Amino acid sequence: MGSFSSSSGQKLAICMVELAVLMGVAYGGNFYQDFDLTWGGQRAKIFGGGQMLSLSLDKTSGSGFVSKKEYLFGRIDMQLKLVAGNSAGTVTAYYLSSQGPTHDEIDFEFLGNVSGDPYILHTNVFTQGKGNREQQFYLWFDPTRNFHTYSIIWKPQHITFLVDNTPIRVFNNAENRGVPFPKNQAMRIYSSLWNADDWATRGGLVKADWSKAPFTAYYRKFQVTPVSSSRSRSSGEFANGDWQSNALDANARRRLRWVQKNFMIYNYCTDLKRFPQGFPTECK
Ligand SMILES: *[C@@H]1O[C@H](CO)[C@@H](O)[C@H](O)[C@H]1NC(C)=O
């Protein structure tokens, strides 16, 4: 009797997920169902009935996870609460990636800092195995105090990075000008917490303080929403507008400008020293 009801309950749950995907509505995940803990042994944990995940780093090892499924386009939301206190030298990478030498990749990397000094949010986009498209930001809040939502909207027309629904970066499809765009390779979602004090903190000047280990980052509210094929079906908030639409609305553009003006600390597209012969095509 017990096993009968639990298996039919499971079937019902699976049906509902399939239905949700078919209907193009958001599917809020369960970490047990959606992710594999890939390395770091007990340092990676799923708890709270599958609603929470944490990664830890100590002197011996970091840890990481990967999604069971691959995704091709969609909106991917995750809430993260980053390593608190003296997190200098730690890097929390959260990214989408396909595989192989010509892989595509969409990166968020959070570079820790000494207590009271700001994290750097590092972003990058790889197409056909080639990255070198870094943009870095400070955040307008302390990302270690509370959970905040970090999202990637990946559509055939553009990739948008969002923090708490505010767009911070848009990578447009410039294939018509010869710039490859990620659109043929499905990606998995990865995250890892690791020690990068050789480069992350001002070129290795500040070392990780192992007396504060283990360092821990927390994850919750993973959600994937497919890109809807028909505009009439679109739903979902995007900075008070509609993220399914192909252009940012006026409010989203205003927010993007606000972030880029006040919080952007590095942009490869304006780095003359690096590109003395001229900026990459997608920058123009
Ligand atoms: C840490 O804080 C310092 C001082 O505000 C800043 O210069 C630096 O960019 C911050 N981030 C990292 C990763 O060092």
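Scoring rules and cut-offs
Residues numbered from 1 in each chain as written. Predicted model: local features only at pLDDT ≥ 70, side-chain atom pairs only at ≥ 80, totals over all residues. Heavy atoms only, no water. UniProt positions renumbered as here; feature names shortened; annotations may be inferred. Disulfide = S-S within 2.5 Å. Helix = DSSP H or I, 4+ residues; strand = E, 2+ residues; numbered from the N terminus. Pairing = 2+ DSSP bridges. Axes fitted to C-alpha atoms, helices over the stretch in contact; angles between N-to-C directions. 1 Å grid on protein atoms, 1.4 Å probe; cavity = no way out; pocket = protein on both sides within 12 Å on 5 of 7 lines; lining within 4 Å. Points joined across faces, edges and corners; volume = space filled by probe spheres on them. Nonpolar A, V, L, I, M, F, W, Y, C, P; charged D, E, K, R; others polar. Buried < 20%, exposed > 50% of the residue type's maximum accessible area, 1.4 Å probe, protein only. Salt bridge = Lys/Arg side-chain N within 4 Å of Asp/Glu carboxyl O. Contact = heavy atoms within 4.5 Å. Polar contact = N/O pair within 3.5 Å; in protein donor to acceptor, adjacent residues only side chain to side chain.

An unreviewed UniProt entry lists the protein chain under the name Xyloglucan endotransglucosylase/hydrolase, with Linum trigynum as the source organism. In its Sequence similarities (unreviewed entry) section, UniProt records this for the protein chain: "Belongs to the glycosyl hydrolase 16 family."

Trainee: I tried to follow the state of the cysteines on my own but got confused; where do I start?
Mentor: Each disulfide is one covalent bond, formed between the sulfur atoms of two cysteines. For the structure on display, the rule yields one disulfide. In this model Cys269 forms its disulfide with Cys283; the gap between the sulfur atoms is 2.0 Å. The disulfide joining Cys269 to Cys283 has a torsion of about -75 degrees about its S-S bond and is therefore left-handed. Of the two residues, Cys269 is situated in the segment after strand S18 (264-267) and Cys283 in the segment after S18; the sequence distance between them amounts to 14 residues.

Trainee: So what exactly am I meant to see when it comes to the sheet that holds strand S14 (residues 188-195) here?
Mentor: Each strand in a sheet pairs with another by means of backbone hydrogen bonds, the pair being arranged parallel or else antiparallel. What the eight strands build is an open sheet, ordered S2-S5-S14-S7-S8-S9-S10-S18; its pairing is antiparallel. A strand with exactly one partner marks an edge of an open sheet, and here the two such strands are strand S2 (35-39) and S18. When the angles between neighbouring strand axes are averaged without regard to direction, this sheet yields 15 degrees. As judged from the four bridges shared by strand S5 (residues 63-67) and S14, these two strands associate in the antiparallel manner. Across the sheet, residue Phe65 finds its bridge partner in S14, namely Ser191.

Trainee: Help me out: how do you make sense of the layout of surface pockets in this one?
Mentor: Remark: the empty space left among the atoms is shown by a probe the size of a water molecule rolled over them. By volume, the largest pocket amounts to about 310 Å³. Among the elements that line the lining of the largest pocket, the one with the most residues is strand S13 (residues 166-172), at four residues. Among the residues making up the lining of the largest pocket, the classes are represented as six nonpolar, four polar and four charged.

Trainee: Is there a simple way to think about unusual backbone geometry in this case?
Mentor: Leave glycine aside and you will find that most residues have negative phi; peptide bonds, for their part, are mostly trans. In the segment running from Ala213 into Pro214, the intervening peptide bond is cis, with an omega of 0 degrees. Its location among the elements puts Pro214 in the loop between S14 and strand S15 (215-225). Of note, the phi angle at Gln128 is positive, near 55 degrees, even though the residue is not glycine. On the basis of relative accessibility, which here comes to 44%, the residue Gln128 falls in the partly exposed class. Phi is positive for Asn165, which is not a glycine, with a value near 75 degrees.

Trainee: Help me understand the pattern of salt bridges, please; the structure alone is not making it clear to me.
Mentor: When the charged atoms of two side chains lie near each other, side chains of opposite charge can form a pair. Summed over the entire model, instances satisfying the criterion amount to seven salt bridges. Taking the shortest distance from any N to any O, the salt bridge between Asp36 and Lys68 comes out at 2.9 Å. Pair noted here: Asp36 is in strand S2 and Lys68 is in the loop between S5 and strand S6 (74-81), with a separation of 32 residues, a long-range link. The salt bridge partner of Asp58 is Arg43, with a shortest N-O separation of 2.8 Å. Placement of Asp58 in the loop between strand S4 (52-57) and S5 and of Arg43 in the loop between S2 and strand S3 (44-47) is noted, with a sequence separation of 15 residues between them. Given the relative accessible area of 22%, Asp58 is considered partly exposed.

Trainee: Help me understand the UniProt feature "glycosylation site" (unreviewed entry) in the protein chain, please; the structure alone is not making it clear to me.
Mentor: UniProt records the feature "glycosylation site" (unreviewed entry) at Asn113, using the numbering of this structure. Not counting residues up to four positions away in its chain, the partners in contact with Asn113 are Gly85, Asn86, Ser87, Ala88, Pro118, Tyr119 and Arg202.

Trainee: Explanation requested: the pairing of strand S9 (residues 120-126) in the structure shown.
Mentor: Looking down a regular strand, the side chains alternate between one sheet face and the other. Across the seven residues that make up S9, a large majority, seven, are buried. Here S9 shows no split at all, with Ile120, His122, Asn124 and Phe126 on one side and Leu121, Thr123 and Val125 on the other all buried. Sheet topology places strand S8 (residues 105-111) next to S9; seven bridges connect them, and they run antiparallel. The partner of Phe108 across the bridge, within S9, is Thr123. Bridge analysis of S9 against strand S10 (residues 135-137) gives three bridges, and the strand direction is antiparallel. Note on S10: the bridge partner recorded for Leu121 is Phe137.

Trainee: What's the story with the side chain of His103 in this structure? I'm lost.
Mentor: You can see His103 is positioned in the loop between strand S7 (90-97) and S8. Owing to a relative accessible area of 15%, His103 belongs among the buried residues under this scheme. Among the polar contacts made by the side chain of His103, one reaches the side chain of Glu105 at a distance of 2.8 Å. If sequence neighbours within four positions are ignored, His103 has contacts with Ser97, Ser98, Phe126, Thr127, Gln128, Gly129 and Gln185.

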